[in-house]
Amino acid sequence: MKLDDLKHNFEQQIADSSAEAQLALQVDELKAKTKKYQRDIKMRDFMEISISLLLIPVWLYGLTISANWVQSSGCILATLTSLYIPYKLLKARRLLPCKEDSIRAYLHQEQQRLAQQKQLLENIVWWYIAPIFISVMLITLGANMDDEGVIQLKPHMQLYYLLVLLGMVGIYFWNRRAARKRFGPLLERVEQQLNELNDE
């Protein structure tokens, strides 16, 4: 009886160590994939933040030469947007501090990181697209306002607004697709591994 118990315990230990080794291998593979995405995210953030900050003097200069309150409102909104975009991008990279160094803690951090980036892209219309579109509209509408305060929209300006709107809609759908294709599968994989850990 004791020999059977010893044999059973030995087989159980071998099965457990094999499962742990497989999980460690899966986590290493996941780390390699997420490392590439983290590099891409850092590059994207660097570009977006640089452009936003470089545009602030342009908007402030536009504010000093604006012809009316509509154009001034557009420049103010564009300046605020150029400050908010870096804040939003950096906030999405901030993670809760990890109190322990384990596979479960690593997976929780990756889950948090991927969920934040996915949500950032899914909500891009509210924090990026809409403020930029409204700013551009206000600045150009103000430039087309006559001395009596009436906006004179010529056909080429209507075409311009249509093209800008179509571009913004394209950016929105492209980012939604990127959120679904790039971060969705990785997030599912992390959650699956967390569930496997919780089932043990």
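Figured I'd write up the structure that's included with this text.

Cut-offs used in this document
- Residue numbering note: each chain is counted from 1, following its sequence as written.
- For a predicted model such as this one, the threshold for reporting local features is a pLDDT of at least 70, and the threshold for listing and counting side-chain atom pairs is 80 or more; totals across whole chains, interfaces and linings nevertheless cover every residue.
- Hydrogen atoms and water are omitted, and side-chain values are computed over all heavy atoms in the structure.
- Think of each axis as a best-fit line through the C-alpha atoms, taken over the contacting stretch in the case of a helix, with angles from 0 to 180 degrees between the N-to-C directions.
- In this description a helix means any DSSP run of H or I spanning at least four residues, a strand means any run of E spanning at least two, and both kinds are numbered starting from the N terminus.
- Each angle gets one of four labels, with under 35 degrees taken as roughly parallel, over 145 as roughly antiparallel, 65 to 115 as roughly perpendicular, and the rest as oblique.
- Note on convention: the crossing is left-handed when the near helix lies turned anticlockwise from the far helix by less than a right angle, right-handed when the turn is clockwise.
- Residue contacts follow a heavy-atom distance rule, with two residues in contact if any of their heavy atoms lie within 4.5 Å.
- In this classification, Asp, Glu, Lys and Arg are treated as charged, Ala, Val, Leu, Ile, Met, Phe, Trp, Tyr, Cys and Pro as nonpolar, and every other residue, Gly included, as polar.
- Note on ring pairs: Phe, Tyr and Trp rings are taken, using the six-membered ring of Trp, and paired if centres are within 6.5 Å. Classes follow the plane angle, with under 30 degrees stacked, over 60 edge-to-face and the rest tilted.
- For every residue, the accessible area obtained with a 1.4 Å probe (protein chains only) is divided by the maximum for its type, and the residue is called buried under 20%, exposed over 50%, and partly exposed between those limits.
- Both a distance and an angle decide whether a charge sits over a ring: NZ of Lys or CZ of Arg must be within 6 Å of the ring centre and within 35 degrees of the ring normal.

Some details on the packing of helix 2 (residues 69-93) against helix 4 (residues 124-143)
Next up, step 1: The geometry of helix 2 relative to helix 4 is characterised by a closest axis approach of 7 Å and an angle of 160° between their N-to-C directions. Between helix 2 and helix 4, the angle is such that the two are roughly antiparallel. Of the two elements, helix 2 crosses helix 4, and the hand of that crossing is left-handed. Along the contact surface, helix 2 presents V70, Q71, S73, G74, C75, L77, A78, T81, Y84, I85, K88 and L89, while helix 4 presents W127, Y128, P131, I132, I134, S135, L138, I139, L141, G142 and A143.
Next up, step 2: Partitioned by chemical class, the residues of the contact of helix 2 with helix 4 number 16 nonpolar, six polar and one charged.

Describing the packing of aromatic side chains
Next up, step 1: What the rule picks out here adds up to five aromatic pairs.
Next up, step 2: Seen from their ring centres, W127 and Y128 are 5.4 Å apart, and the 75° between their planes marks the pair as edge-to-face.
Next up, step 3: On the basis of relative accessibility, which here comes to 19%, the residue Y128 falls in the buried class.
Next up, step 4: Pairing Y160 with Y161 gives two aromatic rings, centres 5.7 Å apart and planes at 55°, and the pair type is tilted.
Next up, step 5: Judged by relative accessible area, Y160 falls into the partly exposed class, the value being 33%.
Next up, step 6: The ring of Y37 has K36 lying over it, and the distance from NZ or CZ to the ring centre is 5.7 Å.

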